[in-house]
Amino acid sequence: MILTGGCVSTSGLPPLWETETDLPGGVTKHRGAFGLWETRVEADGTEFRTLRPIWTTRETPEPASNSLHVFPPFFSKSDSPVMKSATFWPLYYDTQSGTHTQREERDSNDDVWFFPLLAWGDQPGQGTYFMFLPFGGTLKGKLLADEINIYAFPLYLTTVAGDWNSAHILWPLIAWGSSPTRSHFRILPFYSATDGERYHRRSVLWPIIHWSAELRGSREIRGWMVFPLLGRRAATDGSSWQWTFLFPFFQFARDQRTGDEYDAIVWPIYRRSSRPGVEESLWIWPFWGNTVAEDKESTFYAWPFGWSTWAIKGQIEAKRNYFVPLWMRSTTGPPGEEPTAVATRSWPLFSHETRPDGTARGRFPEIIPMFGWEPGERVYADLLSLVRWESDADGRASWDGPLGIIGYRRATSGARSLRLLWWLEIPLGGSEADDRDAGESE
């Protein structure tokens, strides 16, 4: 079936199978089985295939990449120029970090986890590794260490991180380690000692009794704490001090050199922080709180429901205003100018977004209470919404009801049509030809 008068071109046998072109954004869609199966081809060649409510794929031609999501978020896999991954949440994780050439030459960073017991992989420059808890094994390039060797976890393990080497017995209770610039020894909870070139820290009956000394620039800072009752840190020249009582509920600090001030009374209910020229912050939790810096600001109210943020990063100004999950609005654009992208979501009522290229889309109702989860939106939200709509800067528009039973289209030419029961097309005029015919009839 082909629409005339410059309308969207439709062919096939709706609702079993159909193809539409000249949709908003220059999109072409192939749909089958009442829209449960859909292939969406965008103007740049990006192709989405979706079988609702089971899976969805994405293929991007440049740079070449693809992804698959099955019952998102439980299973996903992806392949891009810099990474290949597969996830079966929360048990299985497989990543290969590196280019396609590096992966083919087995020079990529490969990791496989059957969380949390079994792991193996290959770390460039360090070789392969294998771990099977609690029996033992080796991890490389993980947990902030170059290498971790495990023997009957948690009975004994060793770590290497740069020039740092350490050993642990009954982790984390007994440990010792050293490098050319620091050392550490502990038998928890009885005693712990850490020494570096500019600091010394001790604890007895951890976490109760602590004391320390460290150099910060030209100042020596000494401190002690009987946790959680009382603690003090101060510069030996008297230029800064900090007191804490019943940590973390009462904290007070001053720095005469920088002008920094910090007060917490029944934390987190009242918290005030001042770093002149850097950042100012005041909390009266959970009612209201505000933090202001040179290029960013954040405010919360009725925490954790309401909050707003503003930030400038490079040539992008971003604003967020949320009252979760009922109202969420996000805008981005050049600093001081009208935003080029706007996203609004009122869960579970509706969502609407406009993009820098002039395309816009929305749903009613909206079952996804968050921004940016495209696989969930394609698999679940597009299936359960009663109305979906799209438009673009060229004047094209489309509206669809449940399972495509009713639809509205406006083509680039301005021609409009209404479709009922998948196959009954009702032209609504609007094209240049329609306008000319109407003038001649007059």
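Residues numbered from 1 in each chain as written. Predicted model: local features only at pLDDT ≥ 70, side-chain atom pairs only at ≥ 80, totals over all residues. Heavy atoms only, no water.

K.L.:
Before we go on, may I ask you to explain the pattern of salt bridges in this structure?
P.N.:
When the charged atoms of two side chains lie near each other, side chains of opposite charge can form a pair. Per the counting criterion, the structure on display carries 36 salt bridges. Taking the shortest distance from any N to any O, the salt bridge between D394 and R396 comes out at 3.2 Å. A residue is classified by how much of its surface remains accessible, and D394, at 49% relative accessible area, is partly exposed. Across the pair R409 and D400 runs a salt bridge whose closest N-O atoms are separated by 2.9 Å. Take R409 and D400: they sit in the same class, and that class is buried. One continuous salt-bridge network, built from bridges that share partners, spans E38, R52, R345, R363, E366, E377, D382 and R388. (Salt bridge = Lys/Arg side-chain N within 4 Å of Asp/Glu carboxyl O. Buried < 20%, exposed > 50% of the residue type's maximum accessible area, 1.4 Å probe, protein only.)

K.L.:
Just checking my understanding: could you explain the packing of aromatic side chains for this structure?
P.N.:
Two aromatic rings are characterised by how far apart their centres lie and by the angle between their planes. Evaluation of the coordinates by the stated rule reveals 22 aromatic pairs. Here the aromatic rings of F75 and F88 are separated by 6.4 Å at their centres, their planes lie at 85 degrees, and the arrangement is edge-to-face. Separated by 13 residues along the polypeptide, F75 in strand β8 (residues 75-79) and F88 in strand β9 (residues 83-88) bring together distant segments of the chain. Centre to centre, the rings of F227 and F247 are 6.1 Å apart; their planes meet at 55 degrees, and the pair counts as tilted. In this pair, F227 sits in the loop between β23 (219-226) and β24 (230-235) while F247 sits in the loop between β25 (240-245) and β26 (250-255), placing the two residues 20 residues apart along the sequence. Judged by its relative accessible area of 32%, F227 falls in the partly exposed class. Of the residues examined, F247 reaches a relative accessible area of 33% and is grouped as partly exposed. The ring centre of Y199 lies 4.4 Å from the NZ or CZ of R201, which sits over that ring. (Phe/Tyr/Trp six-rings, centres within 6.5 Å; stacked < 30°, edge-to-face > 60°. Helix = DSSP H or I, 4+ residues; strand = E, 2+ residues; numbered from the N terminus. Lys NZ or Arg CZ within 6 Å of the ring centre and 35° of its normal.)

K.L.:
Explain the nonpolar core here, please?
P.N.:
Nonpolar side chains in soluble globular proteins tend to be buried together. The biggest cluster of nonpolar side chains holds ten residues, and these are W113, A119, Y129, M131, L133, L139, A145, I148, I150 and L157. Of all the secondary-structure elements, those providing two or more residues to this core are β13 (127-132) and β15 (145-151). At three residues, β15 tops the list of elements feeding residues into this core. If we skip the residues at most four places from it in the chain, L139 touches W113, A119, Y129, M131, D146, E147 and I148. (Core = buried A, V, L, I, M, F, W, Y, C linked by side-chain atoms within 4.5 Å. Contact = heavy atoms within 4.5 Å.)

K.L.:
Help me out: how do you make sense of the pairing of strand β37 (residues 360-364) in this one?
P.N.:
Two faces, one strand: in a regular strand the side chains alternate between the faces of the sheet. Across four bridges, strand β36 (residues 350-354) lies against β37 in antiparallel orientation. In the strand pairing of β37, E353 is matched with R361. Hairpin remark: β36 followed by β37, antiparallel, with five residues in the connecting loop; positive phi at G358, about 95 degrees. Inspection of the sheet shows β37 paired to strand β38 (residues 387-391) by five bridges, in the antiparallel sense. Note on β38: the bridge partner recorded for F364 is V387. (Pairing = 2+ DSSP bridges.)

K.L.:
Whenever I open this one, the environment of W243 confuses me. Can you help?
P.N.:
Its location among the elements puts W243 in strand β25. Note: C-alpha distance between W243 and D382 (139 residues apart in sequence) is 55 Å. Residue contacts for W243: discarding those within four places in its chain leaves W224, L230, G231, R232, F250, Q251 and F252.

K.L.:
Help me understand helix α2 (residues 374-384), please; the structure alone is not making it clear to me.
P.N.:
For α2, every residue scored as buried is listed here: P375, G376, E377, R378, V379, A381 and D382. Looking at the packing, one finds that the buried side of α2 touches β5 (47-51), β6 (55-61), β7 (64-70), β35 (341-346), β37 and β38.

K.L.:
Explain the side chain of D195 here, please?
P.N.:
Residue position: D195 is located in strand β20 (residues 191-196). A polar contact of 3.1 Å, which involves the side chain of D195, links it to the side chain of R202. Ignoring sequence-local partners within four residues, the contact set of D195 consists of T181, R182, S183, H200 and R202. (Polar contact = N/O pair within 3.5 Å; in protein donor to acceptor, adjacent residues only side chain to side chain.)

K.L.:
Even after reading the chapter, I still don't get the confidence of the model for the chain, so can you show me in this structure?
P.N.:
For any part of a model where pLDDT is low, the fine detail of the predicted coordinates should not be relied upon. Averaged over every residue, the pLDDT of the chain is 92; the share at 70 or more is 95%. Within the model, pLDDT remains below 50 along residues 1-6, and this stretch shows 19 contacts once partners closer than five positions in the same chain are excluded. Confidence drops under pLDDT 50 across residues 435-442; counting only partners more than four residues distant or on other chains, this segment forms one contact. (pLDDT = per-residue confidence, 0-100.)

K.L.:
Is there a simple way to explain the environment of F130 in this structure?
P.N.:
Tracing the chain through its elements places F130 in strand β13. Relative accessible area serves as the criterion here: at 45%, F130 is assigned to the partly exposed category. On a C-alpha basis, the gap between F130 and D111 in space is 9.8 Å, while along the polypeptide they are 19 residues apart. Residues in contact with F130, not counting those within four places in the same chain, are L118, A119, W120, G136, G137 and T138.

K.L.:
Sorry, what's going on with the environment of T101 here?
P.N.:
The topology assignment puts T101 in helix α1 (residues 100-104). Relative accessible area serves as the criterion here: at 45%, T101 is assigned to the partly exposed category. Taking the C-alpha atoms as reference points, T101 and W171, separated by 70 residues in sequence, lie 40 Å from one another.

K.L.:
What should I look at first to understand unusual backbone geometry in this one?
P.N.:
Apart from glycine, the bulk of residues carry a negative phi angle, and the bulk of peptide bonds sit in the trans form. Following W303, the chain continues into P304 via a peptide bond in cis, with omega recorded as 5 degrees. Relative to the elements of secondary structure, P304 occurs in the loop between β31 (296-301) and β32 (306-313). At L205, a position not held by glycine, the phi torsion is positive, near 50 degrees. Positionally, L205 belongs in the loop between β21 (199-204) and β22 (209-216). With a relative accessible area of 41%, L205 lands in the partly exposed category. You will see that L403, though not glycine, has its phi angle at about 55 degrees, which is positive. Relative to the assigned elements, L403 resides in the loop between β39 (397-400) and β40 (406-410). Residue class for L403 comes out partly exposed when judged on its relative accessible area of 43%.

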